[in-house]
Amino acid sequence: MQIGEHELNPPGPEHDDEGPSRSQLRREALDVLKLAQALVDLTDAQLGQVPLGDDLLDEVRRARAVTQQIARKRQTQFLAKQMRKLDDAEVDAIRAALDRDRNNIRREAAVLHRVEQWRDRLLEGDDETLNEFIALHAQADRQRLRTLARQARIERDRSKPPHAARELFRALRDVMGEKEKG
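These remarks concern the structure in this document.

Reading the values: the criteria
- Residues numbered from 1 in each chain as written.
- Predicted model: local features only at pLDDT ≥ 70, side-chain atom pairs only at ≥ 80, totals over all residues.
- Heavy atoms only, no water.
- Buried < 20%, exposed > 50% of the residue type's maximum accessible area, 1.4 Å probe, protein only.
- Helix = DSSP H or I, 4+ residues; strand = E, 2+ residues; numbered from the N terminus.
- Arc of directions from axis to C-beta.
- Salt bridge = Lys/Arg side-chain N within 4 Å of Asp/Glu carboxyl O.
- Phe/Tyr/Trp six-rings, centres within 6.5 Å; stacked < 30°, edge-to-face > 60°.
- Lys NZ or Arg CZ within 6 Å of the ring centre and 35° of its normal.
- Axes fitted to C-alpha atoms, helices over the stretch in contact; angles between N-to-C directions.
- Parallel < 35°, antiparallel > 145°, perpendicular 65-115°, else oblique.
- Left-handed = near helix turned anticlockwise from the far one by under 90°.
- Contact = heavy atoms within 4.5 Å.
- Nonpolar A, V, L, I, M, F, W, Y, C, P; charged D, E, K, R; others polar.
- Patch = residues over 30% accessible without salt bridge, like charges linked within 9 Å, V, L, I, M, F, W, Y side chains within 5 Å.
- Areas by Shrake-Rupley, 256 points an atom, 1.4 Å probe, with all protein chains shown as cover.
- Lys, Arg positive; Asp, Glu negative; His and termini not counted.
- Charge placed at Lys NZ, Arg CZ, Asp CG, Glu CD.

1. With respect to helix α8 (residues 127–136)
(1) Moving on: Turning to α8, its buried residues are Thr129, Leu130, Phe133 and Ile134. All buried residues of α8 project into a common sector of 140° when viewed along the axis, lining one side. What points out from α8, more than 90 degrees from its buried face, is the exposed set Glu128 and Ala135.

Written out as structure tokens, the structure reads:
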């Protein structure tokens, strides 16, 4: 009679506490590496919004200072190794700060797209389009917007640089940005 593997190593609670699999540990390490790469790619202003200790902040700055690709990769991997020493709450706080930053960037991009759409509509439209915009944004200076749109059309028709179109964009962004905040 042969003894099967189950009889030698019966499944039981003493074998369930082996911890995460090797594959799971690798996935977690790669996730932290991606987080480290995201930190290295941030601007100084964005980095200031992320809750990092002084040691980790120094490591991020060291990695950013390296210009050679392979050396930067090595330095980023070292940063990830340091980050794996953090507890889960600290890593989750870093991840949450990066997610908030990504959401803010998406929101700002959406606002800029709406501003571009209104600018284009005002350049192609007439006073009715301007009235529609003023109905949505009562705080806007109707006369200034009308003048800028007219000047932008003239510049476009004469193949001149788009100074008035840029100014119109800035004016619309200011008006629409105020509404987004309020």
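2. Focus: the pattern of salt bridges
(1) Moving on: Counting across every chain of the model gives 12 salt bridges.
(2) Moving on: Between Glu59 and Arg62 there is a salt bridge whose closest N-O contact spans 2.4 Å. Here the residue Glu59 and the residue Arg62 both occupy positions in helix α5 (residues 54–65), the gap between them amounting to three residues, near one helical turn.
(3) Moving on: Arg62 gets classed as partly exposed once you look at its relative accessible area, which sits at 44%.
(4) Moving on: A salt bridge links Arg121 to Glu132; the shortest N-O distance between them is 2.9 Å. One end of the pair, Arg121, is in helix α7 (residues 88–124); the other, Glu132, is in helix α8, with 11 residues separating them in the sequence.
(5) Moving on: The class for Arg121 is partly exposed, based on a relative accessible area of 34%.

3. Brief notes about the packing of aromatic side chains
(1) Moving on: Inspection of the entire model under this criterion finds one aromatic pair.
(2) Moving on: The interplanar angle of 65° and the centroid separation of 5.1 Å between the aromatic rings of Trp118 and Phe133 together place this pair among those described as edge-to-face. Here the residue Trp118 occupies a position in helix α7, and Phe133 occupies one in helix α8, the gap between them amounting to 15 residues.
(3) Moving on: The exposure class assigned to Trp118 is buried, which follows from its relative accessible area of 10%.
(4) Moving on: Stacked on the ring of Trp118, the Lys or Arg Arg121 has its end atom at 4.4 Å from the ring centre.

4. Quick word on the packing of α5 against helix α6 (residues 69–84)
(1) Moving on: The geometry of α5 relative to α6 is characterised by a closest axis approach of 8 Å and an angle of 165° between their N-to-C directions. Taken together, the axis directions place α5 and α6 in an arrangement best described as roughly antiparallel. For the element pair α5 and α6, the recorded crossing hand is left-handed. Counting all contacts with α5, which are made through Leu56, Glu59, Val60, Arg62, Ala63 and Arg64, the residues of α6 involved are Arg72, Gln75, Thr76, Phe78, Leu79, Gln82 and Met83.
(2) Moving on: Residues of the contact of α5 with α6, tallied by class, amount to six nonpolar, three polar and four charged.

5. Regarding a negative patch on the surface
(1) Moving on: Where like charges cluster on the molecular surface, the negative patch consists of Glu28, Asp87, Asp88 and Glu90.
(2) Moving on: Tracing the chain through its elements places Asp87 in the loop between α6 and α7.
(3) Moving on: In this structure Asp87 comes out as partly exposed when scored by relative accessible area, which is 42%.

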